[in-house]
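The lines below spell out each chain.
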Amino acid sequence: MGRLSLENLTAVSRRSREGIDPDELTVGIVHFGAGNFHRAHQAVYTEDAMLATGEAGWAISAVTQRGPAVRDRLHDQDGLYTVVTRDESGATYRVVRSVREVLDGPSETETVLERIADPAVTVVTLTVTEHAYRLLPGTRRLDTADPGVRADASGQVPSTVVGRLVAGLRARRAAGAGPLAVVSCDNLDENGPVLRAAVRDFCALLPDGAELAEWVERNVTFPATMVDRIVPATTEEDLAEVEAELGARDEAAVVAEPFIQWVIEDDFPAARPAWEKAGALLVEDVRPYEMTKLRTLNACHSLLAYLGALADVGTIAETMSIAEFEAAARKLAEEEVAPTLPEIAGFEHDGYVDTVLRRFRNPALAHTTRQVASDGSLKIGPRLLGTVGDALRQSVAPSTAALAIAAWLRCVLVRRTDGGETLEVREPAAERIRESAGFDPQAPGSAGAGSEVVRPALAAAGVDEALLDDRRFLAPVEQHYDELARSGAREAA
Ligand code: CS2
């Protein structure tokens, strides 16, 4: 069976929407991070916007960050790929055509910069995950001591996202290509302002950075966004299922839940796709939506992932069948998060929590606890610590948020499941955290009482000193840490 391609698209075309000729589309968006989330989210919205308006100028040039694997897979099938949406009622398949070019960031940097300098491109979007922003732990500023950032600032071919973006902005300024919107679609608290500050911090490292920063200030906006769709890593079984369905091999297929949401700050200095015609919400202030989603969905996701990983439970859906875990997620959302959230007209948080928990139960998605549990040091801030600070100010005890943080620390420090199996959860700050807590950075260990290890470990993860000095926060984290050691995740929840 051949690969999915423009040539056999007609044969599989009942799987793609009519009204777009992929050969007619021209690039209007550069996107950093060609991963599963982008392909199942913004690329779909963008195709729908083109279908709704007939505008053909919003094809995406997607840039891979860490090597050519995704580029090669998409190249070999003319940028086409399938989005499968699945839940208990069945599956739908759709071949998406809005990604018309895929570039490998590391080896095709020049072309990436040319695209950003192209006047036809007026939007750059990003889904590169929290880690790629290279922020200083505990702050939302660029880590200017990061070796990658330093190398980029010294004039080497850029390897970091911010380095590449700023090089692109420099090229755009030189080309006189006009204003641009740079849209972060990552799960960061205030992702727009954070990216703007990172760009400014990077410019400050450059010999001629002041003029560039000034140009950016006048010509580039950084709209904030809230993005939502659960998109797990694709498995071999998923690819086989798509192949059987399509009659062609698709190495870049993605599986997602049916739910999809995008809220975008309407701050574009030049043209943009009519994403609102595809169901996105363009608003003046994204913050209430972003806080609600990060603190509810993502925080509960993280809680379930850490507890599940410790209890040796493979998927998020399986964690939801453990009554104690589901109850903990509900308690976090309803009792600790809800009082901290701003109001959104016409929005009801209880119903939202029910929907989120129902989505987590989706039995057709194998979203692994290990995947969601990864990179915790970068996730606990936007997902949990904001709630903790606000809850304490309102005299609400953030007990379940503390449980989530304790469970995360056990994943990073102890690295054993409750059943004694080795547990490997990706954590970029692992060495620093382990060493500061007195653990052997290499070997999995089991020692350490909460009162000894929690504070130094959280300090190494960048948690604010003032919060660490607050016993109303630290004491429950220490207690949960010990309880998890004594009784395991199911009992502790
Ligand atoms: C998840 C998110 O992996 C994770 O950390 O919590 O990717 C989550 O699935 C999305 O934000 C849902 O919109």
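So, how was this worked out
Residues numbered from 1 in each chain as written. Predicted model: local features only at pLDDT ≥ 70, side-chain atom pairs only at ≥ 80, totals over all residues. Helix = DSSP H or I, 4+ residues; strand = E, 2+ residues; numbered from the N terminus. Rg over C-alpha atoms; globule rule 2.2 N^0.38 Å. Buried ≥ 20, exposed ≤ 12 C-beta atoms within 10 Å, placed from the backbone. Contact = placed C-beta atoms within 7 Å. Near = placed C-beta within 6 Å. Nonpolar A, V, L, I, M, F, W, Y, C, P; charged D, E, K, R; others polar. Pairing = 2+ DSSP bridges. Core = buried A, V, L, I, M, F, W, Y, C linked by C-beta atoms within 7 Å. UniProt positions renumbered as here; feature names shortened; annotations may be inferred. Expected span 1.5 Å × (residues − 1). Bend = angle between axes of the 7 residues up to and from the residue. Axes fitted to C-alpha atoms, helices over the stretch in contact; angles between N-to-C directions. Parallel < 35°, antiparallel > 145°, perpendicular 65-115°, else oblique. Left-handed = near helix turned anticlockwise from the far one by under 90°.

Counting secondary structure elements, the protein contains 21 helices and 12 strands. For the protein, the C-alpha radius of gyration of 23 Å lies close to 23 Å, the compact-globule estimate for 493 residues. Summarising its shape, the C-alpha atoms of the protein cover approximately 60 × 55 × 50 Å along the three principal directions. Relative to its 493 residues, the protein shows a buried fraction of 50%. For the protein, the proportion of contacts with a sequence separation of at least 24, taken over those separated by at least 6, is 78%.

This next bit is on the site of the ligand. Around the ligand, the structure places Asn187, Asp228, Arg229, Ile230, Asn298, His301, Gln371, Val372 and Lys379. Elements that contribute at least two residues to the shell around the ligand include exactly α11 (287-310) and α15 (369-373). For the shell around the ligand, the class distribution of residues is two nonpolar, four polar and three charged.

A separate point is the pairing of strand β11 (residues 261-265). Both faces of the sheet carry side chains from a regular strand, because those side chains alternate between them. Of all five residues in β11, four are buried; the element is thus mostly enclosed. As defined by bridge partners, strand β9 (residues 225-228) adjoins β11 across four bridges and the pair is classed as antiparallel. Each bridged residue has a counterpart across the sheet, and for Met226 the counterpart in β11 is Val263. As judged from the three bridges shared by β11 and strand β12 (residues 281-283), these two strands associate in the parallel manner. Paired with Val263 across the bridge in β12 is Leu281.

Right, let's get into the nonpolar core. Across soluble globular proteins, nonpolar side chains show a tendency to be buried alongside one another. Ranked by internal contacts, the top residues of the largest apolar core, which has 86 residues, are Val162, Ala198, Val199 and Phe202. Other than its neighbours up to four places away in sequence, Phe202 contacts Leu142, Val149, Ala153, Val162, Gly163 and Val166.

Residues annotated in UniProt with the feature "domain: Mannitol dehydrogenase N-terminal" (unreviewed entry) correspond here to residues 28-277. Helix makes up 36% of residues 28-277 and strand 22%, with an end-to-end C-alpha separation of 17 Å.

Spanning 15 residues, helix α13 (residues 323-337) covers 20 Å between terminal C-alpha atoms, matching the ideal 21 Å at 1.5 Å per step. Its axis deflected by about 25° at Lys331, α13 carries its strongest bend there. If you follow the buried residues of α13, they end up packed against α11, α12 (316-319), α14 (349-361), α16 (376-393) and α17 (399-413).

Now for the packing of α11 against α14. Two elements in contact, α11 and α14, have axes separated by 10 Å at closest approach and are oriented at 40°. Considering their axes alone, α11 and α14 lie oblique with respect to each other. As for how α11 packs across α14, the hand of that crossing is right-handed. Contact with α11, carried on its side by Thr296, Leu297, Cys300 and Leu304, involves Tyr352, Val353, Val356 and Phe360 of α14 and no other residues of that element.

In this section: the sheet that holds β9. Strand pairs in the sheet, formed through backbone hydrogen bonds, run parallel or antiparallel to each other. Ordered in space as β9-β11-β12, the three strands form an open sheet in which the pairing is mixed. This sheet does not close on itself; its edge strands, each paired only once, are β9 and β12. Averaged over all neighbouring strand pairs, the angle between strand axes comes to 15°, with direction disregarded.

All right, on to the sheet that holds strand β4 (residues 90-96) then. Spatially, three strands are ordered β4-β3-β10 in an open sheet, and the strand pairing comes out mixed. Each edge of the open sheet is held by one strand with a lone partner, namely β4 and β10 (254-256). The sheet shows a mean angle of 25° between the axes of neighbouring strands, direction not considered. Two strands pair when backbone bridges link them, and strand β3 (residues 81-87) and β10 are joined in this way by three bridges, in the parallel orientation. By the bridge assignment, Val84 is partnered in β10 with Val255. Where helix α10 (residues 236-246) meets the sheet, it contacts β3, β4 and β10, and its direction lies at approximately 105° from that of β3.

This next bit is on the pairing of strand β1 (residues 27-32). Of all six residues in β1, five are buried, a share of seventy percent or more. Here five bridges tie β1 to strand β2 (residues 59-64), and the two strands are oriented parallel to one another. Looking at β2, one finds that Phe32 is bridged to Val63. Sheet analysis places β1 next to strand β6 (residues 123-126), joined by four bridges and oriented parallel. Looking at β6, one finds that Phe32 is bridged to Leu126.

As a further point, take α17. End to end, α17 covers 21 Å across 15 residues, agreeing with the expected 21 Å (1.5 Å per residue, within 8%). Within α17, 14 of the 15 residues are buried, which leaves the element mostly enclosed by the surrounding structure. Positive phi shows up at Arg415, right after α17, with a value of about 55°.

The subject of this paragraph is the packing of α17 against helix α21 (residues 471-492). At a minimum axis separation of 8 Å, α17 and α21 run at an interaxial angle of 65°. Between α17 and α21, the crossing angle belongs to the class labelled roughly perpendicular. With respect to the hand of their crossing, α17 and α21 are arranged in right-handed fashion. Across the interface between the two elements, Ser399, Ala402, Leu403, Ile405, Ala406, Ala407, Leu409 and Arg410 from α17 touch Phe473, Pro476, Val477, His480, Tyr481, Leu484, Ala489 and Ala492 from α21. Taken together, the residues of the contact of α17 with α21 sort by class into 13 nonpolar, two polar and one charged.

Residue position: Gly386 is located in helix α16. By C-beta crowding, Gly386 is classed as partly exposed, having 19 other C-beta atoms within 10 Å. Put simply, Gly386 and Ala204 are 182 residues apart on the chain and 29 Å apart in space, counted from C-alpha to C-alpha. Here Gly386 is in contact with Asp189 and Arg295, once residues within four sequence places are set aside.

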